[in-house]
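Here's the letter readout for the chains.
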Amino acid sequence: MMECLTPISSFFADVYEVIKLLFSDETIYLYIGYAGGIATISAFAIQTIRILKTKNITGLSSYMYILYSLSLICWFTYGVYIDSWIIAIANLITFLFTFIILCLILYYDEEDKIERCRRDPLTYVFNKQYYEECVPQKIMQAKINKQPCSIVVGKIGNLEEIHKEMGSKYRNRALKHTAKTLEKALRDSDFIARIEDNLFAICLYNASDKTAKGVLTRVLESLDGIEIKKGSRQKANIKMLFGLCSSKEDSELKDMTSKAIKALSQASSKKNSQIKVYKEKNK
């Protein structure tokens, strides 16, 4: 009987020794070291992937990552000195990710500076300067391809009423919401800019009068849902007015914009949202 139990006892004794070895103080701290290294590497790997996907570096400081890179080099050197490959390798891999993040910050920061120069600071659609630089190329391309091109100039018809009744904060909010909605509702090929305080210019590529009116009708439907609220009692809907001018063979941006503004002047701010088309007889 005892002879039969001996192998079983030996097996459990071996299991006990393995468990003691796996969960000894030294081994547990080794596991903690592995976990710390993997967690640090994973955090910076995820950060790197996020930046590559979103191209967003908001809140990331290049100075912080430079200092962190230096600290990782010090930790790597220390790991080599004490002959700890966990510390050395974990900090080396983390340093590589940190270096990549730093390069991405510098690269996208330069792109952001260029983009900010093109954007209106309040609404963040394109500004007048970039409109005058970029849109003539679109008009020229339309001429080459023998395609129509339309310029639309729009304004919030009741913006001053919002300002008078609610204040400048809500006036700016109306401009921001309108610009965001316009940009979202337009086609990918279209271009929108804020060219004056309450004037938005839109270039509709490959769009005749009919196509342009269809695009603008859809835009107005999107604007219908916007309400500017001040507390629970005061609120205002956005009334958008549009003037539209389609291109001809000799059309230029300045001339088309001027004609679209003339068409816009035919719209009454006392009525609901409207679309007015420029015709030569309006001269």
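Everything in this summary refers to the structure shown in the same document. Computed from a predicted structure; not experimentally measured.

Calculation rules
Residues numbered from 1 in each chain as written. Predicted model: local features only at pLDDT ≥ 70, side-chain atom pairs only at ≥ 80, totals over all residues. Heavy atoms only, no water. Buried < 20%, exposed > 50% of the residue type's maximum accessible area, 1.4 Å probe, protein only. Helix = DSSP H or I, 4+ residues; strand = E, 2+ residues; numbered from the N terminus. Pairing = 2+ DSSP bridges. Patch = residues over 30% accessible without salt bridge, like charges linked within 9 Å, V, L, I, M, F, W, Y side chains within 5 Å. Areas by Shrake-Rupley, 256 points an atom, 1.4 Å probe, with all protein chains shown as cover. Salt bridge = Lys/Arg side-chain N within 4 Å of Asp/Glu carboxyl O. Lys, Arg positive; Asp, Glu negative; His and termini not counted. Charge placed at Lys NZ, Arg CZ, Asp CG, Glu CD. Phe/Tyr/Trp six-rings, centres within 6.5 Å; stacked < 30°, edge-to-face > 60°. Core = buried A, V, L, I, M, F, W, Y, C linked by side-chain atoms within 4.5 Å. Contact = heavy atoms within 4.5 Å. Axes fitted to C-alpha atoms, helices over the stretch in contact; angles between N-to-C directions. Parallel < 35°, antiparallel > 145°, perpendicular 65-115°, else oblique. Nonpolar A, V, L, I, M, F, W, Y, C, P; charged D, E, K, R; others polar.

1. Some points on the pairing of strand β4 (residues 199-205)
Walk down a regular strand and you will see the side chains alternate between the two sheet faces. When you tally the buried positions in β4, you get seven out of seven residues, the bulk of the element. Residues Leu 199, Ala 201, Cys 203 and Tyr 205 of β4 are buried on one face, and the alternating residues Phe 200, Ile 202 and Leu 204, pointing to the opposite face, are buried as well. Alignment of strand β2 (residues 149-156) against β4, held across six bridges, turns out to be antiparallel. Paired with Val 152 across the two strands is Ile 202, which belongs to β4. Pairing of strand β3 (residues 191-196) with β4 involves five bridges; the strand directions are antiparallel. Across the sheet, residue Glu 196 finds its bridge partner in β4, namely Leu 199. Remark: two residues form the turn of the hairpin made by β3 and β4, two consecutive strands paired antiparallel.

2. Some details on a positive patch on the surface
Taken together, the side chains of Lys 169, Arg 173, Lys 176 and Lys 230 make up a positively charged region of the molecular surface. It is helix α7 (residues 168-185) that contributes the most residues to the positive patch, three residues altogether.

3. Notes on the packing of aromatic side chains
Within this structure, the stated rule accounts for eight aromatic pairs. With a centroid separation of 6.4 Å and an interplanar angle of 85 degrees, the aromatic rings of Phe 44 and Tyr 65 are classed as edge-to-face. Taken together, the residues Phe 44 in helix α2 (residues 25-54) and Tyr 65 in helix α3 (residues 62-81) connect sequence positions 21 residues apart. Arranged with centres 5.9 Å apart and planes meeting at 35 degrees, the rings of Tyr 130 and Phe 191 form a pair that is tilted.

4. Quick notes on the nonpolar core
Among the nonpolar cores identified, the biggest contains 32 residues, and Leu 182, Phe 200, Leu 204, Val 219, Met 240 and Phe 242 are the most heavily contacted of them. If you list the elements that add at least two residues to this core, you get β2, α6 (159-166), α7, β4, α8 (209-223) and β7 (240-246). If near-sequence neighbours (up to four positions away) are discounted, Met 240 is found in contact with Gly 154, Lys 155, Ile 156, Thr 178, Leu 182, Phe 200, Leu 220, Leu 223, Ser 273 and Gln 274.

5. Topic: the sheet that holds β7
Strand order in the open sheet made by the six strands is β1-β3-β4-β2-β7-β8, with mixed pairing throughout. Unpaired on one side and paired on the other, β1 (126-127) and β8 (274-277) mark the two borders of the sheet.

6. Brief notes about the packing of helix α5 (residues 128-144) against helix α9 (residues 253-265)
Viewed as axis vectors pointing N to C, α5 and α9 meet at an angle of 100 degrees, and their least axial separation amounts to 10 Å. Judged on the interaxial angle alone, α9 and α5 are roughly perpendicular. For the pair α5 and α9, contact is made by Tyr 131, Glu 132, Val 135, Pro 136 and Ile 139 and by Leu 253, Met 256 and Thr 257, respectively. Residues that form the contact of α5 with α9 fall into these classes: six nonpolar, one polar and one charged.

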